[in-house]
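Notes for the structure review
Now for the letters of each chain:
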Amino acid sequence: MGFTDVLKNTFGLSKSEEDASESNIPFRSTQAGQEWVKLAEFLGIDPDLKDSMQEATYYSCIRILRETVGKMPLRLMQSLEDGGIKNAVDHPLYRTLALRPNRFTTATAFWSSLEQDRQHNGNAYVYKAGAGTARRPLELWRMPPDEVEVWYDDACRFDKIPDIYYIWSNGGEQTVLKSCEVLHFKSSDTIDGVMGIPMIDRLNGLVNGAIGAQDFQNRLITSGMTAKAVLQYTSNLDDAAARTFSANIERYAKGELRKQGLENIIPIPVGASLTPLNLKLTDAQFMELKKYSAVQIAAAMGIKPQQIGDQTKQSYASSQAQQEMFYTDTMLYILRHYEDEVSYKVLTPEMYKQGYFVEFDSEVMLRSDFKTLVESNKVAIESGQMRPNEARKKLKLPADPDGDVLLGNGNLIPIGMAGQQYINNDTSEGGEQDGNQVDDQSRQSQEPDSEPDGDESDQ
């Protein structure tokens, strides 16, 4: 509930506005409406200010961001001595971060609500309760941004060391919390690095313009797609009579008497004429301007046009390529911000030494199709990067008894042995030649020098 809604409820103006809407009377024409305008002008706020969440593009962008964060589990990981990484499912913090931040909220709903607070209000706050042990498990509680004030105690009034304090006003009581007791997630738009600036503050003009365009479209549909008209009459009427005369004709034009069987006919007195002012939305480029505003709002929030239904400029080969671009351009910063804050304020120094860290599981967002997954597993197994059972785990298949060994191509050799096979071949071929020469010489030495001549034997 916004500030204007609180004021309207306090002074009973919301009920008056609903009654005026049901009776087709402009709210500003009523006494309550006039009082609201005077109060808003006195406070310096826009009396026609509406909730920005009513704008379709802005709401769609917020929904995409919060659901993207909510569907990626935040896991507690641990680095092993052999260089591997495992899920620390046995640690009590794993359940808090990935499954149940508190006993009333699931992890999906919890992180989604924080992302909406961070985007729409500029800041999201979480109160830490518990010690994070098995006996006292850590619980995380969302603090509504409109109930939190942030103070920097540079005068050391609360403690001897300057610190940032969070004053939480809840249930008529105020609780002062130190910075180590609160997880503070701020928007990327920040000046001092402490407080984030709401996205709506930067996009107020665009969003209000889009709301105005939607209101104009709604009024045009309500009036039967009829724009303003000129009513001409010959008699002399005072202002009150002219307003009554025009209001009666407008009731017929809007179809307010359809319950009485009068829907398509507008009675005009003798001597009067009704001339509609032709207004073509195509001439005003209404749809083009509305689409351009939607693309600008989406671009400012890091959302691709295709994600809000604009398929006019599809430039991605597949949905997976689009998701990878969205993850790199938009979500990578958001996830890193969450991981940094949780790692610093939730994990203890002892856990750091033991190799613990937190990380969002991005594979949920970048999940590929079955064919691509099988081909990537095949390459990883044949290159010795992955065991067959690890690949089967990605496919949600049971492990095989013989699948815990690394496989590799027999033609591959260590890089340090490259070229040695050629040296060995040259040596072996040379040895064979030398050996042949030795064998020939030994055979020659064993043979007689020459056979006796026939003449000598005769003698």
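Residues numbered from 1 in each chain as written. Predicted model: local features only at pLDDT ≥ 70, side-chain atom pairs only at ≥ 80, totals over all residues. Heavy atoms only, no water.

Once that is clear, we can look at the overall build of the chain. Looking only at helices and strands, the chain features 16 helices and 11 strands. The 459 residues of the chain split such that 31% are buried. For the chain, contacts bridging at least 24 residues in sequence account for 55% of all contacts bridging at least 6. When the accessible area of the chain is evaluated, it comes to approximately 30,600 Å², of which 51% is carbon and sulfur surface. (Helix = DSSP H or I, 4+ residues; strand = E, 2+ residues; numbered from the N terminus. Buried < 20%, exposed > 50% of the residue type's maximum accessible area, 1.4 Å probe, protein only. Contact = heavy atoms within 4.5 Å. Areas by Shrake-Rupley, 256 points an atom, 1.4 Å probe, with all protein chains shown as cover.)

Here we come to the packing of aromatic side chains. Evaluated as defined, the whole model comprises nine aromatic pairs. Relative to Tyr 166, the ring of Tyr 125 has its centre 5.8 Å away and its plane inclined at 65 degrees; by these criteria the two rings are edge-to-face. One end of the pair, Tyr 125, is in strand β3 (residues 123-129); the other, Tyr 166, is in strand β6 (residues 163-170), with 41 residues separating them in the sequence. The buried category is assigned to Tyr 125, whose relative accessible area is 2%. Overall, the relative accessible area of 3% leaves Tyr 166 in the buried class. Taking 6.1 Å as the distance between ring centres and 80 degrees as the angle between the ring planes, the aromatic pair formed by Tyr 338 and Phe 360 counts as edge-to-face. Here the residue Tyr 338 occupies a position in helix α11 (residues 319-346), and Phe 360 occupies one in strand β11 (residues 356-360), the gap between them amounting to 22 residues. Across the pair, Phe 360 and Tyr 338 agree in class, each one buried. (Phe/Tyr/Trp six-rings, centres within 6.5 Å; stacked < 30°, edge-to-face > 60°.)

A word on helix α4 (residues 56-70). Between its terminal C-alpha atoms α4 stretches 21 Å, which fits the 21 Å expected from 15 residues at 1.5 Å a residue. Residues of α4 that are buried: Thr 57, Tyr 58, Cys 61, Ile 62, Ile 64, Leu 65, Arg 66, Thr 68, Val 69 and Gly 70. The N-cap residue of α4 is Glu 55: its side-chain oxygen and the backbone nitrogen of Thr 57 are 3.0 Å apart. (Expected span 1.5 Å × (residues − 1). Polar contact = N/O pair within 3.5 Å; in protein donor to acceptor, adjacent residues only side chain to side chain.)

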